[in-house]
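Residue-level listing of the chains:
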Amino acid sequence: DEVKTVLGTGRAIYAGPVRIDTTLSGTAYQMIDPSHGGNRTCDMRNLMTGPCVLFVDADNLWGNYTTSDRASAAADAHFASAKTYDYFRYVHNRSGRTGTGAGITSRVHYGNNYTNAFYDGTQLTFGDGAGNIHPLTSIDILAHELGHGYTDALVGLVYSGESGGIDEASSDIWGAMVEFYAAAPGDPGDYLIGEEADILGTGEPFGNLFDPSLDGSSHSCFGPGTPGAPPHVSAGVGKHFFFNLAEGTGATAYGYSPLCGDVADVVGIGRAKAEKIWYRALNVYATSTTTYTNMRAYTLGAAADLYGSCSIEHKAVQAAWKAVNVTG
Ligand code: ASN
Ligand code: ZN
Ligand code: CA
């Protein structure tokens, strides 16, 4: 028989009250989402090995908004994986990370006090954070990790040097863009990354796109040290470019965007155009060894393709790169 999606109710820690797609098997509901490539969400039971136990439930009401119910973090992950799927499907016309419609498994409650999340080429894994009360299952973190899967499939950037930085920048860009797209009641979009899960334990966000250097290590502007910096550090240049392009350098709504070079303010073209330019640069032009200078040329190419040579959008791409010291 064909497996049909059933509409369930999530009481997610970060996303809040959300609808999630599940499956009815016999008399039990399962966290399997046939409407989004068969995404499934399972429980690592705070171990690092052994089976991941699929979440099942008798009444299709998942979680209680807190970590006292193991299904709450699962509801966040199940919701965020569906929204990430829809984002790439409807905004970029990409059906699943492989392009074949296939979804992903999200393993939650991984390890003990595990304060990270990762994509291993096959599935997603999320720790519960410090004290096991800050699961890393927020939309921006999940979309960052799942975004690695999409970027890998689109380009396969080498994970070192500038190409590694562009890989990490892409994941934070997807993280932020999916968060806006998802429009969750408890977690509206912003340009902060990981703030919901309080990864640092200080109440400060783990990172942001408007001035990445605020994290203490990321480069907000391209400099002599950028090519040799680790991916999470050089990524700042790409994130900051993207913010400049979408929101402009005069933007104040989400923070601020200091200029690097001596250039006039960049007028942003909006997220909807900026995300299409970045995606097309990766999908059509980028290679495994793409550098920031290359990415400048590729985003210019993508903007010319989409909006015309010498269009406002094309010129904004040029200005947004100049504002992070990438001049080609
Ligand atoms: N959360 C990290 C990332 O996706 C995992 C890692 O450092 N490998 O970038
Ligand atoms: Zn990453
Ligand atoms: Ca965020």
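Scoring rules and cut-offs
- Residues numbered from 1 in each chain as written.
- Chains lettered and ligands numbered in written order.
- Predicted model: local features only at pLDDT ≥ 70, side-chain atom pairs only at ≥ 80, totals over all residues.
- Helix = DSSP H or I, 4+ residues; strand = E, 2+ residues; numbered from the N terminus.
- Rg over C-alpha atoms; globule rule 2.2 N^0.38 Å.
- Buried ≥ 20, exposed ≤ 12 C-beta atoms within 10 Å, placed from the backbone.
- Contact = placed C-beta atoms within 7 Å.
- Near = placed C-beta within 6 Å.
- Expected span 1.5 Å × (residues − 1).
- Domains from an automatic or database assignment.
- Nonpolar A, V, L, I, M, F, W, Y, C, P; charged D, E, K, R; others polar.
- Axes fitted to C-alpha atoms, helices over the stretch in contact; angles between N-to-C directions.
- Parallel < 35°, antiparallel > 145°, perpendicular 65-115°, else oblique.
- Pairing = 2+ DSSP bridges.
- UniProt positions renumbered as here; feature names shortened; annotations may be inferred.

### Examining the overall build of the protein chain
And then number 1: When helices and strands are tallied, the protein chain shows 7 helices and 13 strands.
And then number 2: Taken against the 2.2 N^0.38 rule, which gives 20 Å for 328 residues, the C-alpha radius of gyration of the protein chain at 20 Å falls within 12% of a compact globule.
And then number 3: Judged by the C-alpha coordinates and their principal axes, the protein chain covers about 65 × 45 × 35 Å.
And then number 4: For the protein chain, buried positions account for 55% of its 328 residues.
And then number 5: Contacts spanning at least 24 positions in sequence make up 61% of the contacts within the protein chain whose residues lie at least 6 apart.

### Points about the site of ligand 1
And then number 1: Around ligand 1, the neighbouring residues are N116, A117, F118, H144, E145, H148 and E168.
And then number 2: Of all the elements in the fold, those that place two or more residues in the shell around ligand 1 are β10 (117-119) and α2 (139-154).
And then number 3: Take the shell around ligand 1: its biggest share by element is 3 residues, from α2.

### Here we look at helix α3 (residues 161-182)
And then number 1: Its 22 residues place the ends of α3 32 Å apart at the C-alpha level, agreeing with the 32 Å of an ideal helix rising 1.5 Å per residue.
And then number 2: The buried fraction of α3 amounts to 19 of the 22 residues, a majority that puts the element mostly inside the structure.
And then number 3: With its phi angle positive at about 45 degrees, A183 sits one or two positions after the end of α3.

### Structural notes on the domain arrangement of the protein chain
And then number 1: Domain assignment breaks the protein chain into domain 1 (5-137) and domain 2 (161-322).
And then number 2: The interface is formed by 19 residues belonging to domain 1 together with 15 residues belonging to domain 2.
And then number 3: When residues in the side of domain 1 that touches domain 2 are grouped by element, the largest group, 6 residues, is from helix α1 (residues 70-91).
And then number 4: Of the residues assigned to the side of domain 1 that touches domain 2, the class counts are 12 nonpolar, 6 polar and 1 charged.

### Let's talk about helix α5 (residues 271-285)
And then number 1: The end-to-end C-alpha distance of α5 is 20 Å, a good match for the 21 Å that 15 residues give at a rise of 1.5 Å each.
And then number 2: Where α5 is concerned, the buried positions are R271, K273, A274, E275, I277, W278, Y279, A281 and L282.
And then number 3: Here the buried face of α5 lies against α1, α2, α3, α4 (231-247), α6 (292-307) and α7 (312-322).

### Details of the packing of α5 against α6
And then number 1: At a minimum axis separation of 8 Å, α5 and α6 run at an interaxial angle of 110 degrees. The angle between the axes of α5 and α6 places the two elements in the roughly perpendicular class. Counted together, K276, I277, W278, R280, A281, V284 and Y285 of α5 and M295, Y298, T299, G301, A302, A303, D305 and L306 of α6 form the full contact between these two elements.

### Some thoughts on the pairing of strand β5 (residues 39-43)
And then number 1: Most of β5 is tucked away, with 5 of its 5 residues classed as buried.
And then number 2: Burial of β5 is two-sided: the residues N39, T41 and D43 facing one way and the residues R40 and C42 facing the other way are all buried.
And then number 3: Here strand β4 (residues 32-33) runs beside β5; their pairing, made up of 2 bridges, is antiparallel. When the sheet's bridge partners are listed, I32 is paired in β5 with R40.
And then number 4: The hairpin formed by β4 and β5 contains 5 residues between the paired strands, and G37 there has a positive phi angle of roughly 70 degrees.
And then number 5: Sheet analysis places β5 next to strand β9 (residues 105-110), joined by 4 bridges and oriented parallel. Among the inter-strand pairings, C42 is bridged to a residue of β9, identified as R107.
And then number 6: Direction of pairing for β5 relative to strand β6 (residues 53-54): antiparallel, over a ladder of 2 bridges. Across the sheet, residue D43 finds its bridge partner in β6, namely V53.

### Thoughts on unusual backbone geometry
And then number 1: A positive phi angle, close to 75 degrees, is found at Y65, a residue other than glycine.
And then number 2: Within the secondary structure layout, Y65 lies in the loop between β8 (61-62) and α1.

### Description of the UniProt feature "active site" (unreviewed entry) in the protein chain
And then number 1: Under the UniProt annotation, the feature "active site" (unreviewed entry) is placed at E145 and H232. These residues run over 88 residues, yet every pair of their C-alpha atoms falls within 13.2 Å of each other.
And then number 2: When the 27 C-beta atoms within 10 Å are taken as the criterion, E145 is described as buried.
And then number 3: For E145, the contacting residues outside a window of four places in its chain are A117, F118, Y119 and L124.

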